[in-house]
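# Architecture and fold: a report
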Amino acid sequence: MDGVSFKQVDQYALCCVENFSDELKLALRENLTRICHGADQASKDRAIYKYPATIKHFWNERYIKKPWETRIGMLGELLSHVIILKLFPGFDVVSPFFNMEEKSIRKGFDLLLYETSTNNVWITEVKSGGRGADKTSCSATSAQLRLARDDLKKRLAEPELNHWLNAINAAKNAIHNKANYRDSVIEILELEGDLAEENGATALDNNVFLISALFSDVTQAIAEKTVSKFTTKLVADAVFKTVWVLSLHKGTMEKLEEFLRLEAKQ
């Protein structure tokens, strides 16, 4: 994708948005309804699911009134959706960005991914933020990935049925009704929900996709060894069943924010 560098090695990848290109803007326009509502809802010929209504609702009702920490988290998750849809053809995003219960960030798991070649569901955690005055791009990325790992490790082992009920409902809303894998995804999530209900859930049962979304000067690049070292240790520690690690790096969030603001006003 124009303006985006991407490198994938084994179980990790680095993606840097070097400039907010027209192609990236087009990808946002073309995929926003699918991202926000899920493929099933977005396929309906209804005004409430079309782009003009979706972008206005996103900006006016869900985004602009939130504190900075929430907004940067939302943009990191939105960017994650787009990059996975465009650059990870082996995965389908099977959860909507919009939380249906309230105009807030999603509870439980950030994204659910389905890997078509293996019939696996991947639980995804996105941690977003700026670099901070006392960190480098590499140390900030490492901190975000550790936080994503620890949060998901804790959540996947909890006897918390609601995480899985939310995931099941998200998948039902997101996956197109005619998709041949819809029942399979829901069955996998229900089995994990059964384990949680019976106090038998562990993080080791699950495939996880950890994402760090860093908004900072891209001239201070994230070194590949930062991500490879984290991934190698994560695999060796056998915390999860299988892992994928993605480092996203974009300059400031202002250009993306300004794009969304102007789109919502049209």
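See the structure above.
Residues numbered from 1 in each chain as written. Predicted model: local features only at pLDDT ≥ 70, side-chain atom pairs only at ≥ 80, totals over all residues. Heavy atoms only, no water.

Another point: the nonpolar core. One finds Phe 88, Phe 209, Leu 246 and Leu 260 to be the most contacted residues of the largest nonpolar core, which totals 46 residues. Sequence-distant contacts of Leu 246, that is, excluding residues within four places in its chain, are made with Ala 13, Cys 15, Ile 83, Phe 88, Leu 145, Phe 209, Leu 210, Ile 211 and Ser 212. Among the nonpolar cores identified, the runner-up in size contains 36 residues, and Leu 14, Phe 109, Leu 112 and Phe 240 belong to it. (Core = buried A, V, L, I, M, F, W, Y, C linked by side-chain atoms within 4.5 Å. Buried < 20%, exposed > 50% of the residue type's maximum accessible area, 1.4 Å probe, protein only. Contact = heavy atoms within 4.5 Å.)

This part is about the sheet that holds strand β5 (residues 120-130). Spatial ordering of the open sheet is given by β1-β2-β7-β6-β5-β4-β3, a layout of seven strands whose pairing is mixed. Looking at the sheet topology across the chains shown, the edges are occupied by β1 (4-9) and β3 (91-93). Mean inter-strand twist for the sheet, computed between neighbouring axes without regard to direction, equals 20°. (Pairing = 2+ DSSP bridges. Helix = DSSP H or I, 4+ residues; strand = E, 2+ residues; numbered from the N terminus. Axes fitted to C-alpha atoms, helices over the stretch in contact; angles between N-to-C directions.)

All told, the structure shown has 14 aromatic pairs when counted by the stated rule. Judged by centre distance (5.5 Å) and plane angle (20°), the rings of Phe 58 and Tyr 63 are stacked. Note on accessibility: Phe 58 and Tyr 63 belong to one class, buried. Pairwise contacts between aromatic rings join Phe 6, Phe 88, Phe 91, Trp 122, Phe 209 and Trp 244 into one cluster. Against the face of Phe 98 rests Arg 62, its NZ or CZ located 4.1 Å from the ring centre. For the cation-ring pair, Lys 250 lies above Phe 20, with the distance from its terminal atom to the ring centre recorded as 5.4 Å. (Phe/Tyr/Trp six-rings, centres within 6.5 Å; stacked < 30°, edge-to-face > 60°. Lys NZ or Arg CZ within 6 Å of the ring centre and 35° of its normal.)

Another aspect to go through is the side chain of Lys 250. Secondary-structure assignment places Lys 250 in strand β7 (residues 242-250). Here Lys 250 sits buried without a salt bridge, and the closest side chain of opposite charge, Glu 254, lies 7.4 Å off (N-O distance). If we ignore the near neighbours within four places in the chain, the residues touching Lys 250 are Val 17, Phe 20, Leu 79, Leu 214, Phe 215, Ser 216, Val 218, Lys 255 and Leu 256. (Lys, Arg positive; Asp, Glu negative; His and termini not counted. Salt bridge = Lys/Arg side-chain N within 4 Å of Asp/Glu carboxyl O.)

Below, the discussion takes up the pattern of salt bridges. Summed over the entire model, instances satisfying the criterion amount to 11 salt bridges. Of the charged contacts, one joins Glu 263 and Arg 29 as a salt bridge, the two residues approaching to 3.0 Å between their closest N and O atoms. Residue Glu 263 is found in helix α9 (residues 254-265), and its partner Arg 29 is found in helix α1 (residues 22-37); the two are separated by 234 residues along the sequence. Using a relative accessible area of 35% as the deciding quantity, one classes Arg 29 as partly exposed. Among the ionic pairs, Glu 125 bridges to Arg 155, the shortest N-O distance being 2.9 Å. Linking Glu 125 in strand β5 with Arg 155 in helix α5 (residues 137-156), this pair joins segments that are 30 residues apart in sequence. Arg 155 shares its class with Glu 125; the two are buried. Through salt bridges with shared partners, a single network forms among Glu 125, Lys 127, Asp 151 and Arg 155.

Turning our attention to the packing of α1 against helix α4 (residues 68-87). Axis separation between α1 and α4 bottoms out at 10 Å; the angle between their running directions is 100°. What the angle tells us is that α1 and α4 run roughly perpendicular. Contact residues: Leu 24, Ala 27, Leu 28, Asn 31, Leu 32, Arg 34 and Ile 35 in α1; Leu 78, His 81, Val 82, Leu 85 and Lys 86 in α4. Split by residue class, the contact of α1 with α4 holds eight nonpolar, two polar and two charged. (Parallel < 35°, antiparallel > 145°, perpendicular 65-115°, else oblique. Nonpolar A, V, L, I, M, F, W, Y, C, P; charged D, E, K, R; others polar.)

In this section: unusual backbone geometry. Positive phi values are uncommon outside glycine, yet Asp 10 reaches one of about 50°. Secondary-structure assignment places Asp 10 in the loop between β1 and β2 (12-17). Its relative accessible area of 67% is what places Asp 10 among the exposed residues. One non-glycine residue, Asn 119, lies in the positive phi region at around 60°. Summarising the element assignment, Asn 119 is placed in the loop between β4 (111-115) and β5.

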